[in-house]
Amino acid sequence: IFGQTNKELLKMGDAAMINGQYTNAVHYYSFILFKIQEGEEALYYPYEISTTYKEPEKDSTGTVSPPSNPNAKEIRIIHKLADAYRLADDYKNAEKYAEMAIEYDRYNAKALVNRGNCLYVRNEFLRAKEQYLEAIGVEADCIESLYNLAFVNKKLNMFMEALQVKKILNKFTYYLQN
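Since this is a predicted model, take the numbers as computed values, not measurements.

Asker: Explain the overall build of the protein chain here, please?
Answerer: The helix and strand inventory of the protein chain stands at 8 helices and 0 strands. Tracing the protein chain from N to C terminus, the helices and strands come up as α-α-α-α-α-α-α-α. Out of the 178 residues in the protein chain, the part that is buried amounts to 42%. Expressed as a percentage of contacts within the protein chain between residues at least 6 apart in sequence, the contacts between residues at least 24 apart total 54%.

This is how it looks when you write it as structure tokens:
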């Protein structure tokens, strides 16, 4: 991965996500963040590793530090990294990166859903519900948040609310099909 550009690494990370290789996706996305720290398109080739490459800066949890003033592309990478960690069952890091993505872009519905999913796994259903509702407030047609909201309502024994959300979800999917 040392000779690839950030764009190529992003494609490799996305392909790993599609193929269910979430730990590989975490590796690719983390390396992109590292390269951003070093300079936007820092290229490393295998013969340069001994003189140029150094391990990415990591914090006390062992995760790569985010850029200090990220742009939209970097925020997208941070969100993808959070999603990859969640799918790799590393919920602590998933929540950390979801928090970062939300901190940088409060109106990122996918990051809100991701944080809600992390809370759901920790059985914090009320807080997860708040995140899903906030994501719907940001992006009314966020199907993933509607779907997850129905399940969290069911977990909270709010069956009528769950049924209402399912009806809304059915309307969305009906219109998407036609």
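Asker: How should the side chain of Arg86 be read in this particular structure?
Answerer: Mapped onto the elements of the fold, Arg86 is located in helix 3 (residues 72-87). The exposure class assigned to Arg86 is buried, which follows from its relative accessible area of 16%. Aside from chain neighbours lying at most four places away, what touches Arg86 is Tyr91, Ala94, Asn114, Asn117, Cys118 and Glu144.

Asker: Looking at this structure, I do not really get the nonpolar core. What am I missing?
Answerer: The tendency in soluble globular proteins is for nonpolar side chains to be buried side by side. Grouped together as the largest cluster of nonpolar side chains are 43 residues, with contacts concentrated most on Tyr29, Ile32, Leu33, Leu81 and Tyr97. At the level of secondary structure, the elements contributing two or more residues to this core comprise helix 1 (6-18), helix 2 (22-38), helix 3, helix 4 (91-104), helix 5 (109-121), helix 6 (125-138), helix 7 (143-155) and helix 8 (159-177). It is helix 2 that contributes the most residues to this core, 9 residues altogether. Contact partners of Tyr29, with chain neighbours within four places excluded, come to Leu10, Gly13, Asp14, Met17, Ile77, Lys80, Leu81 and Ala84.

Asker: I'm lost on the packing of aromatic side chains in this one. Help?
Answerer: Applying the stated rule across the entire model yields 4 aromatic pairs. The lysine or arginine in question, Lys96, covers the ring of Tyr97, its NZ or CZ lying 5.5 Å from the ring centre.

Asker: Quick question: what am I supposed to make of the side chain of Asn153 here?
Answerer: Among the structural elements, Asn153 can be located in helix 7. When near neighbours in sequence (up to four residues on either side) are disregarded, Asn153 contacts Lys129, Met158, Glu161, Ala162 and Val165.

Asker: How should the pattern of salt bridges be read in this particular structure?
Answerer: Two side chains of opposite charge can pair, provided their charged atoms sit close to one another. Applying the stated criterion to the full structure yields 7 salt bridges. Of the charged contacts in the structure, one is a salt bridge between Asp14 and Lys80, with a shortest N-O distance of 2.9 Å. Taken together, the positions of Asp14 in helix 1 and Lys80 in helix 3 put the pair 66 residues apart, joining distant regions of the chain. Asp14 gets classed as partly exposed once you look at its relative accessible area, which sits at 24%. Between Arg122 and Glu124 there is a salt bridge; the shortest N-O distance is 2.5 Å. Residue class for Glu124 comes out partly exposed when judged on its relative accessible area of 23%.

Asker: Sorry, what's going on with the packing of helix 5 against helix 7 here?
Answerer: Helix-helix packing: each pair is described by the crossing angle between the helix axes and the interaxial distance. Helix 7 packs onto helix 5 with a crossing angle of 25 degrees between their chain directions and a minimal axis gap of 11 Å. The orientation of helix 5 with respect to helix 7, classified from their angle, is roughly parallel. In this structure, helix 5 crosses over helix 7, and the sense of that crossing is left-handed. Contacts from Val113, Asn117 and Tyr120 in helix 5 reach Glu144, Ser145, Asn148, Phe151, Val152 and Lys155 in helix 7.

Calculation notes
Residues numbered from 1 in each chain as written. Predicted model: local features only at pLDDT ≥ 70, side-chain atom pairs only at ≥ 80, totals over all residues. Heavy atoms only, no water. Helix = DSSP H or I, 4+ residues; strand = E, 2+ residues; numbered from the N terminus. Buried < 20%, exposed > 50% of the residue type's maximum accessible area, 1.4 Å probe, protein only. Contact = heavy atoms within 4.5 Å. Core = buried A, V, L, I, M, F, W, Y, C linked by side-chain atoms within 4.5 Å. Phe/Tyr/Trp six-rings, centres within 6.5 Å; stacked < 30°, edge-to-face > 60°. Lys NZ or Arg CZ within 6 Å of the ring centre and 35° of its normal. Salt bridge = Lys/Arg side-chain N within 4 Å of Asp/Glu carboxyl O. Axes fitted to C-alpha atoms, helices over the stretch in contact; angles between N-to-C directions. Parallel < 35°, antiparallel > 145°, perpendicular 65-115°, else oblique. Left-handed = near helix turned anticlockwise from the far one by under 90°.

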